[in-house]
Amino acid sequence: MKRRTRTTCLAFTLGTLALLARGQSLVPLSPAPTVEHAAGQQSSLPELTLEQAVDQAVANNSSLKTASLETVRAADDLAANRTRRFANTQVVGLGAQLVTKPSVTFPAGSLGVYSATGPIPATNQTVEIARKPAGTVNISVSQPLSTQYQLHLQLKALELGLAGSRQDQEKTRLEVVDQVRRAYYSVVEAQSALDSLQASLPYYQESHRLALENRGKETILESSLLNADAQLLKIQNAISDASDRVASATERLNDLMGRDIHTQFRVAAMGDADTGLDALEGMEARALQNRPDVKKAKLQVQQAGYDARAKKAEYIPDISLAFNYSTTANYESILPSNLGTVGLALRWEPWDWGRRHQEYEEKRAKEDQAKVGVGATERAVLLEVRNAYRQLESIRRQVTLSDASARAARQRLKEVQEQVKHEAVLTRDLYQAQSDLASADSQQQQALTAFWKARADLKKAIGEE
């Protein structure tokens, strides 16, 4: 019995130790995703180029579709107003119950006095119409004549309004293209930052491993190990935050492209910063020529001028060629049941107590405002072009600096790799050099992304894609 008890206790102890050992092997520090794993996931996704993103946004963007529908609405309004130059036809019908008893009195002799019969009628005759259902139909056709000039001016103003709507649509298109470019570059920038952090992870993992090893040898304090733990956790949290920024930037770009925000893709590699820029004066001239808001401001001046002339044309009397036809139903036969006329109709308001003059002056003031707006818009465009040009030049200098830093970090890594081969430095120093190079590459990529963003802003300021 004692032997069985000792055997059971020994088996229980060995099993417990085995479980503890297995638990230690199953609970290592979970590393963050490696660069190779993330690169493998990225390589399996379809590549989206900047040109493809712009094309899809132009075809599917909601803001651009709304601007396009506004242009269609203005075109329909113009087509509807063109019909005002043609004849206006109206048919008015009335079917009702008489609630009074209308009467017609024919005085004696109103139909004539004849020698054989005497006056007709001989005495006053009254004809009453009973309360019964009755109806009337009136048809009128009116062709404007004197108002054709005013209608012409109004249509010219609407045509200019349609041209202004097209310029608004073009402005929205340029803004959407600029937003897509910036969103695309934001994805590139966020992905570059994530790659840099993932490349730095092995350095912190190695530092943590060395801290554990040295703490076991009691060559460092407990605080040093805790600091290594905190640094490793910090880089892992930074990787998670960077992944969230990549996801947000990707969803933003998908939304601008008008497609499902869950669509996964990878972005193409960024090109180098171009060194050739036109002269600032040439850019300013192209901006004043290309910018939709400048074109619209000039169109608004012309539109206001036509509106003022159309208002002044209201002094002209309204003369129309008119045809009217009326018929009645279920009235007494003694009343005329059909009546038709054709001729000229005149409508004129000779005294309006200065109303039309004040309305004309209001239109002239609006035209003056539009002229002032042209100058203000041109100055704003020139300021935007010059600021965008200076911003691009500043970022170009930052790109040059980041290129130099990346070359220095790359050279440092080569030197450390040679030293590792001769066991002159620790492996941690190699990881540190790799981390420094990844950080320098990330800064170089971010500077390059900022350059292309500034380049897109300059194109937008000039009015080009």
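Preceding block: the structure.
Report follows, based on the coordinates. Each chain carries its own residue numbering, running from 1 in the written order of its sequence. pLDDT decides what is reported in this predicted model: residues at 70 or higher carry local features, side-chain atom pairs at 80 or more are listed and counted, and totals for whole chains, interfaces and linings draw on all residues regardless. As a rule here, side-chain values come from all non-hydrogen atoms in the structure, and water together with hydrogens is ignored.

A separate point is unusual backbone geometry. Here the amide bond leading from Ile120 into Pro121 is cis, since omega sits at -10 degrees, within 30 degrees of zero. Residue placement: Pro121 occurs in the loop between strand S5 (118–119) and strand S6 (125–128). A positive phi angle, close to 60 degrees, is found at Trp353, a residue other than glycine. Labels follow the DSSP assignment, with helices taken as runs of H or I lasting at least four residues and strands as runs of E lasting at least two, numbered in each case from the N terminus.

In this section: the packing of helix H5 (residues 148–216) against helix H6 (residues 222–256). With their axes 8 Å apart at the nearest point, H5 and H6 run at an angle of 165 degrees to one another. In terms of their interaxial angle, H5 and H6 are classed as roughly antiparallel. Viewed along their axes, H5 and H6 form a crossing whose handedness is left-handed. Note on method: axes are straight lines fitted to C-alpha atoms, helices fitted across the in-contact stretch only, with angles between N-to-C directions ranging 0 to 180 degrees. When an angle is under 35 degrees it counts as roughly parallel; over 145 it counts as roughly antiparallel; between 65 and 115 it counts as roughly perpendicular; any other value is oblique. Less than a right angle of anticlockwise turn of the near helix away from the far helix marks a crossing as left-handed, whereas a clockwise turn marks it as right-handed.

This brings us to the packing of H5 against helix H8 (residues 292–312). Orientation of H5 relative to H8, taken along the N-to-C sense of each, is 165 degrees, at an axis distance of 9 Å. Our classification of the angle between H5 and H8 gives roughly antiparallel. As H5 packs across H8, the resulting crossing turns out to be left-handed. In terms of residue class, the contact of H5 with H8 is made up of 10 nonpolar, 7 polar and 8 charged. We call Asp, Glu, Lys and Arg charged. Ala, Val, Leu, Ile, Met, Phe, Trp, Tyr, Cys and Pro are nonpolar, and the rest, Gly among them, are polar.

Let us now look at the side chain of Ser320. Here Ser320 shows up in strand S9 (residues 318–329). As used in this structure description, the phrase polar contact means that two N or O atoms lie within 3.5 Å; if the pair is within protein, one of them must be able to donate a hydrogen and the other to accept it, and residues adjacent in sequence are counted only when both atoms belong to side chains. Within the local environment of Ser320, its side chain forms a polar contact with the side chain of Asp318, the two groups lying 3.5 Å apart.

Attention now moves to H8. To estimate how far a helix should reach, multiply one less than its number of residues by 1.5 Å. The first and last C-alpha atoms of H8 sit 30 Å apart over 21 residues, in line with the 30 Å expected at 1.5 Å per residue. Taken residue by residue, H8 has Pro292, Asp293, Val294, Ala297, Leu299, Val301, Ala304, Gly305, Ala308, Ala310 and Lys311 as its buried positions. Each residue is placed in one exposure class: buried if its accessible area under a 1.4 Å probe, protein chains only, is under 20% of its type's maximum, exposed if it is over 50%, and partly exposed if it falls in between.

When DSSP finds two or more bridges between two strands, those strands count as paired. As judged from the 10 bridges shared by strand S2 (residues 88–97) and strand S7 (residues 133–144), these two strands associate in the antiparallel manner. The residue bridging Gly95 from the neighbouring strand is Gly135, located in S7.

Generally speaking, a soluble globular protein has its nonpolar side chains buried in company with each other. Core analysis: the biggest nonpolar cluster contains 40 residues, and Leu48, Val180, Tyr184, Leu253, Val385 and Leu458 have the highest contact counts within it. Secondary-structure elements contributing two or more residues to this core are helix H3 (50–60), H5, H6, helix H7 (280–290), helix H9 (355–421) and helix H10 (427–462). The criterion used for residue contact is that any of the two residues' heavy atoms lie within 4.5 Å. Excluding residues that lie within four positions of it along the chain, Val385 makes contacts with Leu280, Met283, Glu284, Ala287, Leu458, Ala461 and Ile462. Only buried residues count toward a nonpolar core. Its members are Ala, Val, Leu, Ile, Met, Phe, Trp, Tyr and Cys residues joined through side-chain atoms within 4.5 Å. Core analysis: the second largest hydrophobic core is formed by 9 residues, Leu201, Ile239, Ala242 and Val246 among them.

Pairs were defined over the aromatic rings of Phe, Tyr and Trp, the Trp ring being its six-membered one, requiring ring centres within 6.5 Å. Orientation was assigned from the angle between planes: stacked under 30 degrees, edge-to-face over 60, tilted for the rest. Inspection of every chain in the model, using the stated rule, returns 2 aromatic pairs. Between Tyr184 and Tyr185, the aromatic rings sit 6.3 Å apart at their centres with planes inclined by 80 degrees, giving edge-to-face as the arrangement.

The next point concerns the pattern of salt bridges. Throughout this description, the term salt bridge denotes a Lys or Arg side-chain nitrogen within 4 Å of a carboxyl oxygen of Asp or Glu. The tally for this structure, following the rule as stated, stands at 22 salt bridges. Its salt-bridge partner being Glu284, residue Arg386 comes within 2.5 Å of it at the nearest N-O pair. Here the residue Arg386 occupies a position in helix H9, and Glu284 occupies one in helix H7, the gap between them amounting to 102 residues. Linked by salt bridges that have partners in common, Lys311, Glu314, Glu349, Arg355 and Glu359 make up one network.

Turning to empty space enclosed by the protein, a few remarks are in order. Any empty space left between atoms is shown by rolling a water-sized probe over those atoms. Every definition here rests on a 1 Å grid over the protein atoms only: cavities are sets of points where a 1.4 Å probe fits but cannot get out, pockets are open sets enclosed by protein on both sides within 12 Å along at least five of seven lines, and lining residues have some atom within 4 Å of a point. Grid points are joined across faces, edges and corners, and a volume is the space filled by probe spheres set on the points. Summed over all chains, the structure comprises 1 cavity of 30 Å³ or more. For the largest cavity, the calculated volume is near 30 Å³. At 4 residues, the largest contribution of residues to the lining of the largest cavity is made by H5. Taken together, the residues of the lining of the largest cavity sort by class into 3 nonpolar, 2 polar and 1 charged.

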